Structures are given as structure tokens and as C-alpha cells.
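# Structure assessment
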Amino acid sequence: MHKLKLKLDNETIERIRKVYEVGGYSSPEEFVIHIIERELEALDSGSNESEEDIRRKMEGLGYIE
Amino acid sequence: MIFDIIGSALTWVLDTILLPFRCLPPIWGLLFISLLTGLGMISIFRLTSNQEKISRLRKRMLGEVFGILLHVSSPKTVIGFAGRLIGSNTLYLLYILKPLLVIAIPFMLIWGQLDARYGSDEGDQNAYVTITVRYEDSVPKRDDITVSGRGIEVIPPVVMVDTLSQVSFRIAFEDGIISSLNVNGTASIVGSTGLWNGAIVLRGFDGSNSLKRLFCPWVGRPVLTDAGPVSGWYSLHAVRYGILGGHWSWLAVFLVFSSVFAIAGAKIFNVKI
Amino acid sequence: MKRREFLRLAALSPAALLALKTGCARSQISAKRVIVLGIDGLDPFLLRSFIHEGVMPNAARLMNYGGLNKLGTSNPPQSPVAWSNFITGFGPDVHGIFDFIHRKPTTIEPYLSTSRVVGPGRIISISDWRLPLSGAKVELLRKGEPFWNKLTDEGIPVKLVKLPVDFPPDKGKAIILSGLGTPDMRGSQGSFTFFTDDARSMSNSTSGGIVVAVRDYGDNCYRCVIKGPENSMRAGNPDMEIEAEVRVDRVANAVRIDIQGTSHVLSAGEWSPWIRMRFDAIPNISSVSAIGRFYVKEITPNLKLYLTPLNIDPLDPALPISTPASYSSDLARNLGGFYTQGFPEDTKALSRGVFSDEEYLQQAWIVLQERLDLFHHELSRFRDGLFFFYFSSLDLNLHMFYRVLDPNSPLYPTTSPRFKGAIRELYIQIDSVIGNALEARDANTEVIVLSDHGFAPFNRSFNLNTWLASEGYATITSPNARNQDMFAAIDWSSTAAYGLGLNSLFINIAGREENGSVAPEQVHDLLLRLKRDLESVTDPASGRRVIDNAYITSEIYPGPLPAYAPDMIIGYARCFRSSWETTLGSFPEEVITDNLDPWSGTHCIDPAAVPGVLLSTVPPGVANPNLMDMGRSLAGLFDIPVLPPGGRNIFSENGS
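Residues numbered from 1 in each chain as written. Chains lettered and ligands numbered in written order. Predicted model: local features only at pLDDT ≥ 70, side-chain atom pairs only at ≥ 80, totals over all residues.

### Considering the overall build of chain B
The secondary structure content of chain B amounts to six helices and twelve strands. Taken along its principal axes, the extent of the C-alpha atoms in chain B is 85 × 40 × 40 Å. The buried share of chain B, taken over its 273 residues, is 36%. Across chain B, contacts joining residues at least 24 apart in sequence account for 68% of those joining residues at least 6 apart. (Helix = DSSP H or I, 4+ residues; strand = E, 2+ residues; numbered from the N terminus. Buried ≥ 20, exposed ≤ 12 C-beta atoms within 10 Å, placed from the backbone. Contact = placed C-beta atoms within 7 Å.)

Written out as C-alpha cells, the structure is:
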């Protein structure tokens, strides 16, 4: 397993500590990992190829946004 | 130096051969050179190859092919014939190696000449041509860069790329004049070297490399000065020729037609290839 | 003239000799020539006012022959639907195009209505390479027979330049260059790239283009990666990429763009010529060609470099854009590169703030100038038969600049008065085109100018889906997802109707939609109720009706309808249109809001409010001509035994 160290400012760490339990996470690390995974999933086009394709085809059609 | 002399001689020969085609569209000259090249190649092949050996080998290869066809039901025999056919093929390649080596050098020289003459547009009057020049060490100060020329109009701006010792700018051609460029005293022709079809179209200049100029005659020989750039290149467009509804590059025209003429020549003069 | 052109013209090219075809000349039935100018969005009311102003003398001349006629448009009056009506002589029930956007009935996934790509059949996979055994195909989704087949069947030459809704172009005997509906190389309708190191320009939006962050690492060079089409020969279809090195000279306020061995010098504010780019699918073996133009918006303090959508290269088209295939390359060799994409005016760059109004207009004029060059080139070569030429400029520029014509536009006060004349200038330019066509006319030539629809302001946005939810026709379960596309907020099990596309409304029918909730036998009553409710919606700001007519599709198109057809077509009143958000299934909070996008004109409303125009040297013999009549009528101008089946022949006394 590769390691990636993150530096967060104290204020953010404090906020994570406050909210992780409310969100039902067992540790601040689990909370951070889940948030990152969720974002990656949303950004990763491979996971939702057909919709991405469809969007691309409609891109540039001035009539829609 | 010697390369420059050979290069100039070759250019003179090609210019002379193409003399009758100067007023015709360029494709005619290209086709004529393809005809000469095809016939030339087949003549050299005839002179440098052992025609008798090739003839015998071809008969043998034909026999081996028939052998395979006749014994299709017997895999063992087919493999035997196939093995012999591979051997004959190798031998054939050896036979033609010498003529091919002899043909290679003139072929490359002609290739360069034709690419220089038919490969590139000489610059369109309606469009700009971007020119980039390179200085030996570093680019002079902005105010010290002088760009002028004959038959061209320099279009501002002049872009300095210090990190590469380069300066780039655009020119537009004026009608009907052989165009020359002068950057800080270094002078070179831009576009065609003559006002006839089939003249060499220069795509740059290089003061140092005469071997390159022999095989790539589209690199012009500049008049150099200490303050000026040592080399330069022009962004010209490749030319396409409309044949049979297609858009052929000069190379496609040359390879296809020289091959067609070579095969026709082999048939007519009974050369075994 | 090119240098030494006179020498080249002095002799006959052997290429021409080689290409010479033998065979009999066609049996010529008629030497009649018909020039048709298809001007998208030419509005009868604006036209009349400019004619009265005296700035359109040629249109006035043409009007003297057969009057200024309103031309009935399609329902809905969207260009793909309208031009399909023109091409086939029938409505959407026959040609199958109901909206810019259709949806898969089961999954509600939207897709472009006019064409689709069918992937390769079998693929051999070696490592992460994928080698297709058969090529991918593009398929035109418009059905029905084009009217010109009846002409070409009789040997009458037909040439249609920039023809809308014909990508890929028909493989018949007509010469065609495809127009509206032709994608760019990335498969979109036009996706620009904007390279910048200005943090304020960064955005995650991909609508109409992408903003790419670049950086100068101190060597005055920005390495700009240009994303090309997908590489279908690699697993996962990654985008093919090439790199352009942009070297800046901040003192000269200029750049040099080095791309694939060519260099281009440009000052700030300048456009490059069309630049050819090759994208390798398999290096040295398989590649595709694209063309693009750079625009240097700014160099200092920040680099702002715009690249047009990568257009299909007309000289070496990766997808079919013309019939015969060599037609586009012939044009490119004569005229140089040109926009091949269907929507060339970059309205999205203006909407996204990448272009200022001025820069957008500059780009739009580049497009128009290219079109004019193409038109003059083709007009000068036109000898006989039918010649159709399409202009997109009025349509897209009215979309973007209606705000300067209408004082009620929410953007009217903030738009510089300098642009007030922009629309007039375009109409004047179109008038000169009409003048060219009239000049080319002889005793055997007819000139016809027609448009697919007119124009109206788009000042107020109607959030159809929000309205459906507020009236209990749809249920929102995830309020946080209201602003997400694709009905992320909806509870399908208790949703009866939903809006998608510009004028389409669908019933969530059990058995048709995956999570359908309305029994088929209840659909008609539901539609009647919806019609009544929709037609009584008023704008609280003005008290005006929002929807003139809600058409039940099966009543206006009684033929069997495909499952993707909308159940209702919304005919908005003038000034209103479906909102940006609602077209792809979002639910903004408010039902009606101001439209603050520069895209300020529309025609996607009730067809009666936006008729097209017909000007003709042949006076129409029947009342209320319609776009669907035009194919039969144009064919009727030639002496042929069988006319196309759709519509009426408006140039004959009895319309037959």
C-alpha cells in the first residue's frame, strides 16, 4: 500500500474531529478517505461512461446549458 | 564543399531535364521524372543483376509454388516445397541486393530533388508564411534585429524566443518576384528559386551543413554574416496533386508512376525482375 | 492570384485528363436553374422593418415578384424539426425528429436527436490495444425520403451546401455538404478550449468547452495540451492528445505557437489561420486529422488563448461530411479550411464569458465571411439544376443579440449600445447575398429565399419541471439535488409527468418508462388536465400567459408515433421559453425567472408566433405556404413526371 501524507491546518483537523462522529464514521481517517473516494467517483468518467458520452455529444448545443 | 558542387550539378541536370516542362503544370514534370526514374532503375537493374540466375530462380520458384498447389492434400510435401520456396526467396533477395544498393544512392538524390521541387507550396500570396531564424549563440538586442527582403513584405510582430536563440516573424509574398530575405545581413532565398514550375522551393537555409543540402536540396545556402542567424526554416504547406479523384502527395505520384513505368519497361525490354 | 498561376492555367492538367470520365451526357430535361437560400432564423417582422428602413434593397426587389410571405414552420419550431419538414415534406411523425433532444423511453437518458454513432462490431483486444474488425459508423436518425431524390432520379443536378439535419449526408446522387447537426472532432456540437494562467477564468463547467490551466515556468513557454477525439483503439477510450508550445514575447505582446512542426506568429487580439492537427490512434499507422484556429485574447498580465472546437478537416474528413466524399476536400483545396461543425458561431464562449460581445461578433463575422466565400465560389460554378445554400449566421446571432433589439430584455440596460447595429448589419449582409443570387439570374433561373422560423425575445424562463412539481404532477424527494441534472431530485414512483428538451413534455407511463407510474388508459385524461393547467399559467411579474398552446402530440400528429416522441409539445408565448435548467431535468426553486444569459432570443415557442419567411421570384399560388410544401414546390419548378409526395405545390394554382 502506498502512503500519501496530507498536511491540513489545525482548524480543519479540529472541524473534522467535530463532525466525523456525527456523520457516523469510526475515525477521522475513515471520514477523510470516504470524502476523497466519493469525489473521485464523481470525477472518474470511466465509472459512468455512457452518460459522459451523452453529455459530450450535447455539449456546445447553445439551446441547452 | 564537394557536396555543394555535386548538389549544384544535380540541380543543374534536373533543371535542364525539366526545361520543356517549365510552362506546364508541375505534375507533368513530375510524371516525366517518374518515367525517367522508372526506366533508369530498370536499366541499372539489368546492368547490375545476373539476369540468367534471376530467370532460373524465378522458374524454380514458380515450380515450387505449383508444387504446393498440386500437393495440397499432402502436408509433408507442402511443407517441403514451402521450405524450399523460403530458401529461394532469400536467394532472390541476395541476387537483387547489389542492384538495389547501386540504385539506392541516385534514388535518394532524386528523391531529395523531387521533394524540393514538388513537395511544398512556394507560399501563397493570400496567406502569411511564418519564418523562424536561429542565431549561433544568443539573439541580438530587440532594436538590433533587422529584417528586410526583396519580393516580400515583413508582417509585424517580430517574436523573440531567447531560450532557443530564435526569432520568428511572418512574411507575405509580392507577386512574380523571386523573394529573398535578409536578417541582420544573413541573406537567403525564400520560396522558389526560379519563376518556373518545377523550380526548387526552399523551406529554410543552413550555413553549416552541406551534406544535408545535398540530400535535402530544399535547405538553401545563405550568405552568412557574423551578426546574422545561422539557420532558418519557413512554414510552407505540402502540395497535393489531384489524380483520379484523389489528392496525392508528390511521393505517392512518384512511387506509383515510377513503379508503373519500371514494370512497363521491364516488359518491353524483357528485363527479369 | 497565386504566383505563377497564369503558367498553370496555361496548360491542361494531366490530372484532369486522368480524371476524365467517359460515358453519355445525362439526358437533360430542363435547363432551369433554381437558387434556394435557406436562411436560418430570418424573421418576417424584422425583415419587413429593415426593408421599410431601406437597408435591404435586394430583398425589396425580390418582394416585388411574389410578396413577403410568412412561411408556416414546424411544431415545435426548432431548426432540426423544421429543416426535416423541409427536406421530407412531412412532419415529425414521418421524419422522426421531435426536438433537439430525445430520450430513451425506459431510462430517460437524453441524446441528440439527429445522429448517433454505432460502435464497431467485433474488436480484437491485445493488451490495452483494441483493434476493431469493422469501423464505427455514424447514423442519421432523420427518416423519410428527401424531396430532391425525385429530381436526381430524372438526372437534374442538385447541390445542397451546409444542409441542416443531414449528417452524415445522404448517399444519393445529390452533392451535399452537411451543416447543422455536424459534430466537432470530440463528438460534441462544439467544444472550445481556453488555455489560461488566470485563476479568475478557471471553471469546472464543461458546457460548450473546457478551461485548461497552463503555467509559464520561467522560460516564457506554456505547454498547452490539446485534447482531441477519443482513441477507440485503446482500452477505456482515452482522449488523444497533442501538445502546442506557446512561446510568449511580452515586450512585443505576441506569441509563437509551435504545433506539430509548424509555427504561427500572432499578436494579442489576432486569430490564426486554420491549423491542421493530427491525432495518432496508433502512432504512424492510424491517425485522424482535425483543424482549429487560435485566438490570442490576452498575453499580459495573463495568457488567455482560445482554440476553436476541433473541426472535422474538410481536406481529410474523419467522419463523412459530404457526398461525394471528395466534395469537401475539393472545396478546401479551393478555399482553404472552413468551419465544418454544425453550429460554428461560438455562442457558448460568449455565454461562458470567454468571449466579450465584441470578440463573439468578430468570430461570428469570420464564420459569415467563410460562408460568403463558399457561397460565391459555388454560385459562380452553378450551371443548372437546384442549388441550395444555408446560412446559420442570423439564427445564432439573433439568439445572442436579441437583447439589443428588445428594451424589455433583462440584459438590455447592461448591453453596450455599440452592438445595437449588429443585427441590422447582418440583415444587410444577407441582403447582399440575395443581391448576388438575383444578379446570377437569367430568364431560366428562379430565386427563392426561405427561413425555417422567425424569432422572439427570450426574457423569462419557465421551469417546467418545477411547475410540474409545484402542481403535484411530479414529486421531489431529494431537495438537495434539485439543481442536479437528469432528475436526480425526483421520485419516479409518484411522478406523473416530466419535461425534457426544449418543448417536450412526457407522461411517466407504466410499461414504457422504467419506473412508470401512470396507467396507459389514464394518459389521455391526464394530458387534457395538463393542457388546461398549462395554458392557464401566468407570469406573476406581468400577469401574462406563459403558454399559448399545449399541444397533445397524438392530436396534431395522428400517425403512429415512436416511443421516444413527446406526449405533449409546449407552445410558449412570446418572451417565454423553457428554462436552461429544466431542459435536462433540474428543479430550480422558482417557476419563472429572468433569463440572464446573453442567449436572449428564441424561436422554441408556439409555432404561430414565429413563422418563417418566403420570398420568391415565382409568386405563390396558394395561401399559407408551409415549410412542408417547399420540397414539392421546388421540384415542381422543374419539368419532372412525379413530384415528391409530401406537402402542396404552392407555385401551382391549385396547390397540386
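Don't stop here, the text continues.
### Re the overall build of chain A
A count of helical and extended segments in chain A gives three helices and zero strands. Helices (α) and strands (β) of chain A occur, in sequence order from the N terminus, as α-α-α. Burial statistics for chain A: of 65 residues in total, 12% are counted as buried.

### Concerning the environment of C:Gly144
Residues and elements named next belong to chain C. On the secondary structure map, Gly144 appears in the loop between strand E8 (137-140) and helix H7 (149-152). Using a count of 20 C-beta atoms within 10 Å as the deciding quantity, one classes Gly144 as buried. Taking the C-alpha atoms as reference points, Gly144 and Asp93, separated by 51 residues in sequence, lie 9.9 Å from one another. Excluding residues within four positions of it along the chain, Gly144 makes contact with Thr88, Phe90, Val94 and His95.

### Here's the deal with the environment of C:Arg482
Residues and elements named next belong to chain C. Along the chain, Arg482 falls in the loop between helix H13 (464-470) and strand E26 (497-499). Taking the C-alpha atoms as reference, Arg482 lies 9.0 Å from Thr466; in sequence the two are 16 residues apart. Those residues in contact with Arg482 that sit more than four places away from it in its chain are Ile476, Ala489, Ser586, Phe587 and Pro588.

### What about the domain arrangement of chain B?
Residue and element names in this part refer to chain B. Taken domain by domain, chain B comprises domain 1 (2-119 + 247-268) and domain 2 (129-234). One C-alpha centre belongs to domain 1, the other to domain 2, and the line joining them spans 37 Å. Counting residues at the interface gives 19 residues for domain 1, matched by 15 residues for domain 2. Broken down by secondary-structure element, the contributors of at least two residues to the side of domain 1 that touches domain 2 are helix H1 (2-17), helix H2 (26-48) and helix H4 (75-118). (Domains from an automatic or database assignment.)

### Regarding the packing of H2(B) against H4(B)
All names here are of chain B. Orientation of H2 relative to H4, taken along the N-to-C sense of each, is 170°, at an axis distance of 9 Å. On the basis of their axis angle, the class for H2 and H4 is roughly antiparallel. Contacts between H2 and H4 involve Pro26, Leu30, Ile33, Thr37, Met41, Ile44, Phe45 and Thr48 on the former and, on the latter, Lys98, Pro99, Val102, Ile103, Ile110, Leu114 and Tyr118. For the contact of H2 with H4, the residue count by class is twelve nonpolar, two polar and one charged. (Axes fitted to C-alpha atoms, helices over the stretch in contact; angles between N-to-C directions. Parallel < 35°, antiparallel > 145°, perpendicular 65-115°, else oblique. Nonpolar A, V, L, I, M, F, W, Y, C, P; charged D, E, K, R; others polar.)

### Quick word on the packing of helix H5 (residues 79-88) of chain C against helix H16 (residues 627-636) of chain C
Residues and elements named next belong to chain C. Where H5 meets H16, the axes come as close as 6 Å, and the angle between the chain directions of the two elements is 30°. Between H5 and H16, the angle is such that the two are roughly parallel. Helix-helix and strand crossings are classified by hand; for H5 and H16 the assignment is right-handed. Counting all contacts with H5, which are made through Ala82, Asn85, Phe86 and Ile87, the residues of H16 involved are Leu627, Met628, Met630 and Gly631. Its residues assigned to classes, the contact of H5 with H16 comprises six nonpolar, two polar and no charged. (Left-handed = near helix turned anticlockwise from the far one by under 90°.)

### So, the sheet that holds strand E28 (residues 547-552) of chain C
Sheet strands pair via backbone hydrogen bonds, and the direction of the pair is either parallel or antiparallel. Residue and element names in this part refer to chain C. Strand order in the open sheet formed by four strands is E26-E27-E29-E28, and the pairing between neighbours is antiparallel. The sheet terminates laterally at E26 and E28, the two strands that pair on one side only. Strand-to-strand twist across the sheet, computed as the mean angle between neighbouring axes with direction ignored, equals 25°. As judged from the three bridges shared by E26 and strand E27 (residues 504-507), these two strands associate in the antiparallel manner. The residue bridging Gly499 from the neighbouring strand is Leu505, located in E27. Running over the sheet, helix H14 (residues 523-535) touches E26, E27, E28 and strand E29 (568-572) and is turned about 170° from E28. (Pairing = 2+ DSSP bridges.)

### Here we look at helix H11 (residues 393-405) of chain C
Spanning 13 residues, H11(C) covers 17 Å between terminal C-alpha atoms, matching the ideal 18 Å at 1.5 Å per step. Among the residues making up H11(C), those that are buried are C:Ser393, C:Leu394, C:Asp395, C:Leu396, C:Asn397, C:Leu398, C:His399, C:Met400, C:Phe401, C:Tyr402, C:Arg403 and C:Val404. (Expected span 1.5 Å × (residues − 1).)

### So, the arrangement of the chains
Counting contacts across all two pairs of chains found in contact, the highest total belongs to chains B and C. Between chain A and chain B there is no contact; the minimum C-alpha to C-alpha separation amounts to 30 Å.

### Focus: the nonpolar core
All names here are of chain C. Core analysis: the largest hydrophobic core is formed by 204 residues, its most contacted members being Val36, Leu37, Leu386 and Ala497. Per element, the largest residue contribution to this core is eight residues, and it comes from helix H12 (residues 422-439). Once residues lying within four places of it in the same chain are set aside, the contact partners of Ala497 are Leu468, Tyr473, Ala474, Leu505, Phe506, Ile507, Asn508 and Leu530. (Core = buried A, V, L, I, M, F, W, Y, C linked by C-beta atoms within 7 Å.)

### A few points about the interface of chain A and chain C
Facing twelve residues of chain A, the contacting portion of chain C comprises 29 residues. For the side of chain A that touches chain C, the per-class residue count stands at five nonpolar, three polar and four charged.

### A word on unusual backbone geometry
Between B:Pro156 and the following residue, B:Pro157, the backbone shows a cis peptide bond with an omega angle of 10°. Here B:Pro157 is to be found in strand E3 (residues 152-161). The linkage connecting C:Thr323 with the following residue, C:Pro324, adopts the cis geometry, with an omega of -5°. Tracing the sequence through the fold places C:Pro324 in the loop between strand E22 (322-323) and helix H8 (326-335). Located in the positive-phi region is C:Val165, a residue other than glycine, with phi close to 50°. By the secondary structure assignment, C:Val165 is in the loop between strand E9 (158-163) and strand E10 (175-178). Taking the C-beta count within 10 Å as the criterion, C:Val165 has 27 such neighbours and is therefore assigned buried. The phi torsion at C:Phe487 lies on the positive side, around 55°, for a residue other than glycine. Within the element layout of this structure, C:Phe487 appears in the loop between H13 and E26. Owing to 21 C-beta atoms within 10 Å, C:Phe487 belongs among the buried residues under this scheme.

### With respect to the pairing of strand E23 (residues 385-391) of chain C
Residue and element names in this part refer to chain C. Counted residue by residue, E23 has seven buried out of seven residues, so it is predominantly covered. Bridge count for strand E1 (residues 33-39) against E23 is seven bridges, and the pairing is parallel. Residue pairing for E23: Ile35 is matched across the bridge by Phe387. Pairing analysis gives four bridges linking E9 to E23, with the strands arranged parallel. In the strand pairing of E23, Val161 is matched with Phe389.

### Quick word on the sheet that holds strand E18 (residues 286-292) of chain C
Read from one edge of the open sheet, three strands run E17-E18-E21 (chain C), paired in antiparallel fashion. Each end of this open sheet is capped by a strand with a single partner; those strands are strand E17 (275-282) and strand E21 (311-312) of chain C.

### Structural notes on the pairing of E10(C)
The two faces of the sheet receive side chains in turn, since in a regular strand these alternate between them. All names here are of chain C. Where burial is concerned, the two faces of E10 agree: the one with Ile175 and Leu177 and the one with Ile176 and Ser178 are both buried. Summarising the sheet, E9 and E10 pair through four bridges and their orientation is parallel. Directly across from Leu163, in E10, lies its bridge partner Ser178. Note: E10 against E22, two bridges, orientation antiparallel. Bridge pairing links Ile176 to Thr323 in E22.

### Some remarks on the confidence of the model for chain A
Residues and elements named next belong to chain A. In this model, chain A carries a mean pLDDT of 73, and residues with pLDDT of at least 70 account for 69%. When mean pLDDT is compared element by element in chain A, helix H1 (residues 10-20) scores highest at 85, while helix H3 (residues 49-58) scores lowest at 67. Within the model, pLDDT remains below 50 along residues 44-49, and this stretch shows three contacts once partners closer than five positions in the same chain are excluded. (pLDDT = per-residue confidence, 0-100.)

### Here's the deal with the confidence of the model for chain B
All names here are of chain B. Residue-level pLDDT values for chain B average 89, and 99% of them are 70 or greater. Least confident of the elements in chain B is strand E12 (residues 246-248), whose mean pLDDT is 77; most confident is strand E1 (residues 129-134), at 95. Per the prediction output, this complex has pTM 0.86; the corresponding ipTM is 0.83.

### Points about the environment of C:Ile605
Residues and elements named next belong to chain C. If you trace the backbone, Ile605 turns up in the loop between strand E32 (601-602) and strand E33 (612-616). C-alpha of Ile605 to C-alpha of Asn549: the two residues are 56 residues apart in sequence and 9.3 Å apart in space. Each residue touching Ile605, except ones within four places of it in the same chain, is listed here: Ala456, Gly571, Tyr572, Ala573, Arg574, Phe576, Arg577 and Val610.

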